[in-house]
Structure formats: C-alpha cells, structure tokens
Amino acid sequence: MWIKACVISFIITALCEPILIPFLRKLKFGQTILEDGPSWHQKKQGTPTMGGIVFILSTVIASLIFVHDLRSGAILLCGALFGIIGFIDDYIKVIKKQNKGFSASQKFLAQTVVSLAYAVFLYLQFGQTATKIPFTDMSLDLGIFYIPFVMLVLLATTNSANLTDGLDGLAASIGSIISLFFAVALVTLTGHKDGSVISGALAGGLLAFLIYNAYPAKVFMGDTGSLFIGGMIAAVAISAGLELFIIISAFVFLFEALSVIIQVAVYKKTKKRVFKMAPVHHHFEKCGWKETKVVAIFSLITLVLCIICYLAL
C-alpha cells in the first residue's frame, strides 16, 4: 500500500505545484533572503515560498485513502500542526517582507504544545512508554519520562529539518530518502503498515516537489514544508517506537542543528568560529562547493545511514 500512497502523492504534487507557483507569485509571496547569508543567495530574493502546502495536502490525502485508524490520524494531525506553525511563520514573513516571522520564544512555545499533546496522547491512549534500542532486540521502558523524551525527539527533529532547508532541494532530498527508509522498514521489519503508508505518501510528495525545488529552485517549501517534514518523520518513528533510529537516519538533519549550536557556543566563549558559516551546508558553500554538490553528498550520506539504520532493525 505504501507504494500506491507514494504514487498518488507524487501525482497530486506534480500536477498541483505548477498551479500554486504562479498563484504565490501573483500574491507576491516571495522569499526574503538573509542579508548576512552567502552573497550569491541574494539572487534567490523573491522566489515563491510556502510551496510545501502542496506536498502537505498530497501526503494527507494519499494517506487517508488507505489508513483511517486513530494512531494514523494522530500522526497526520501532529505533522499538519507543525506545518500550520510553519505556515503562520511564513505568512508573517511575506507580509512584513522580512526573514523573521514568529519570535524564537513564540515558535518554540507553539512547537512545545504540539509535542506535548502528541506525547501525552500516545502515553494515555496506547500506554506507549518504550523505545527500541538500535542493533539489539531490546527496548527501553521510560515510564512517565516517555513524555518529555517524545517532546525532545519532536522538537529536535522539526527544528533540525527547518535549519536544513537552506539550499535548493536539500531538505526535500534528505526528507524523501528518510521517508522511503521508514516506508520500507516499517512494513518489512516491524509490521507497522499504517506508518509505512504515511511515510510512502510523504516520500512521493517530496520527490515530486523536487521537480520544482531542485537547483535552480522555482519554489521554496518555506517553514510550512520543513516543519511538516520534521514533524511527520518524527511522529511516524515515535508511533513505531523507533525514536532512537532518527539519530542514525536523520543524522544530517541533526548535525545541521548541532553545527549552529556549536558555532554559537564557541563564538560566545572565544569569539572564534568553528565553521565558516552555520548551518554546516553554508560552510561547505564557503569552501567552494556548489549547491548541487552539497545536496548530492548530504543525500548520499543520508542514504548510507538509512541502509545502516535498516540493518540496525
């Protein structure tokens, strides 16, 4: 079923994105590029953003054709709510014509509320408290501490995916590979068919989105799309008890966020920079790598890590 969901989502996104792009351009919903970012990114100023709306809808529609249970609904709702947070953030940016929407505290509070709701739901509704340990047959029962653990996984994954969305096709490429991994792994190794369908639908939507988002991008996904990707990947993994597997499969996402944390922490203490620019994809750009090379290498690393993750199951 995940293959069918993948194909349906791909078709919906491939057909609808060309309709949305001129509409976004007409509304002047263009991306505002950071002034302190790489100078060569300024040419992307005004590129339509919020294109993630289409693959959000295609993922939800394709998923609902095949899955209707409470757990699947919770996964889709969790991802959609993160997408809505991103949509509001994007909307504020395009209206004010600046690169800042929500304040950091407002954004974090909204994400925390969604994360808490999802964690409490799984804990109370399904009594879920355990997470599987990679490369073993064991699971770790966290009891009541499962709730803050799930919140941490959701917050880390969504914000990491958000920070990764800085190059044409980067977040969509990595997100599609991770989603395909979960689609295959969940149905073949865990029997979690509903999660597999949802992952397949997300992968199909992202692959189609790449038609328009690969370099040179005709449209950006915005926070609308990147927060949805992170939220969906995390929600699926959490539902299947595979939270720790995100560390392996989505390591590139997580390292992007870690590079920012390291850069800020070291600079505050020493006034020196570890990376030429953070997130780390900009560091490699500053080293002379083209966008396409960064995307290709990061995607290849993710593919290898997902294969290792599959073996870890």
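What counts, and where the lines are drawn
Residues numbered from 1 in each chain as written. Predicted model: local features only at pLDDT ≥ 70, side-chain atom pairs only at ≥ 80, totals over all residues. Heavy atoms only, no water. Axes fitted to C-alpha atoms, helices over the stretch in contact; angles between N-to-C directions. Helix = DSSP H or I, 4+ residues; strand = E, 2+ residues; numbered from the N terminus. Parallel < 35°, antiparallel > 145°, perpendicular 65-115°, else oblique. Contact = heavy atoms within 4.5 Å. Nonpolar A, V, L, I, M, F, W, Y, C, P; charged D, E, K, R; others polar. Expected span 1.5 Å × (residues − 1). Buried < 20%, exposed > 50% of the residue type's maximum accessible area, 1.4 Å probe, protein only. Patch = residues over 30% accessible without salt bridge, like charges linked within 9 Å, V, L, I, M, F, W, Y side chains within 5 Å. Areas by Shrake-Rupley, 256 points an atom, 1.4 Å probe, with all protein chains shown as cover. Salt bridge = Lys/Arg side-chain N within 4 Å of Asp/Glu carboxyl O. Arc of directions from axis to C-beta. Core = buried A, V, L, I, M, F, W, Y, C linked by side-chain atoms within 4.5 Å.

Let us look at the packing of helix α10 (residues 251–270) against helix α12 (residues 291–312). Relative to each other, α10 and α12 sit at 125°, their axes nearing to 9 Å. Between α10 and α12, the angle is such that the two are oblique. Side by side, α10 and α12 meet where Phe 251, Val 252 and Glu 256 of the first sit next to Phe 298, Ile 301, Thr 302 and Leu 305 of the second. Taken together, the residues that form the contact of α10 with α12 break down as five nonpolar, one polar and one charged.

Turning our eyes to something else, we now look at helix α4 (residues 104–126). Between the first and last C-alpha of α4 there are 33 Å, a value that for 23 residues agrees with the 33 Å anticipated at 1.5 Å per step. When we look at burial in α4, the residues that qualify are Lys 107, Gln 111, Thr 112, Val 114, Ser 115, Tyr 118, Ala 119 and Leu 122. One or two positions beyond α4, positive phi appears at Gly 127, with a value near 65°.

Put simply, Tyr 215 and Pro 216 share a cis peptide bond, and its omega is -10°. Inspection of the secondary structure assignment puts Pro 216 in the loop between α7 (193–213) and α8 (222–239). Cis geometry is adopted by the peptide bond preceding Pro 279, which originates at Ala 278 and carries an omega value of 0°. For Pro 279, the position within the fold is in the loop between α10 and α11 (280–286). One non-glycine residue, Met 50, lies in positive phi territory at about 70°. With respect to the helices, strands and loops of the structure, Met 50 is situated in the loop between α1 (2–26) and α2 (52–66). When its relative accessible area of 1% is taken as the criterion, Met 50 is described as buried.

A word on a nonpolar patch on the surface. Together, Phe 135, Val 184, Leu 189, Leu 300, Leu 303, Val 304, Ile 307, Ile 308, Tyr 310 and Leu 311 make up an exposed nonpolar region whose accessible area comes to about 900 Å². Put simply, the parts of the chain that give the nonpolar patch at least two residues each are α6 (170–190) and α12. Ranked by the residues each element gives to the nonpolar patch, the list is headed by α12, at seven residues. Along the polypeptide, Ile 308 turns up in helix α12.

Next up on the list: the pattern of salt bridges. The final tally for this structure, using the stated rule, is four salt bridges. With a shortest N-O distance of 3.2 Å, Lys 107 and Asp 89 are connected by a salt bridge. A residue pair is termed long-range when its members are at least 10 positions apart, and Lys 107 in helix α4 and Asp 89 in helix α3 (residues 70–96) qualify at 18 residues. Residues Lys 107 and Asp 89 agree in their burial class; the two are buried.

Further remarks concern α10. Given a rise of 1.5 Å per residue, 20 residues ought to cover 28 Å, and the 27 Å separating the end C-alpha atoms of α10 matches this to within 8%. Residues of α10 that are buried include every one of Val 252, Phe 253, Glu 256, Ala 257, Ser 259 and Gln 263, and no others. The arc that holds every buried residue of α10, seen down its axis, measures 155°, which confines them to one face. Turned more than 90 degrees away from the buried face of α10 sit Ile 261, Lys 268 and Lys 269, all of them exposed. If you follow the buried residues of α10, they end up packed against α5 (146–164), α6, α8, α11 and α12.

Judged by nonpolar contacts, the single largest core of 77 residues is most densely connected at Phe 55, Tyr 118, Leu 154, Ile 178, Phe 182, Ile 238 and Phe 253. Every residue in contact with Phe 253, bar those within four places of it in the chain, is listed here: Ser 160, Ala 161, Thr 164, Ala 171, Ile 174, Gly 175, Ile 178, Ile 229 and Ile 233.

Take the environment of Leu 206 next. Tracing the backbone through its elements, the reader meets Leu 206 in helix α7. Look at Leu 206 and you get buried, because its relative accessible area is 0%. Between the alpha carbons of Leu 206 and Thr 59 there is a distance of 9.1 Å; along the sequence they are 147 residues apart. If we ignore the near neighbours within four places in the chain, the residues touching Leu 206 are Phe 55, Ala 172, Gly 175, Ser 176, Ser 179 and Ile 229.

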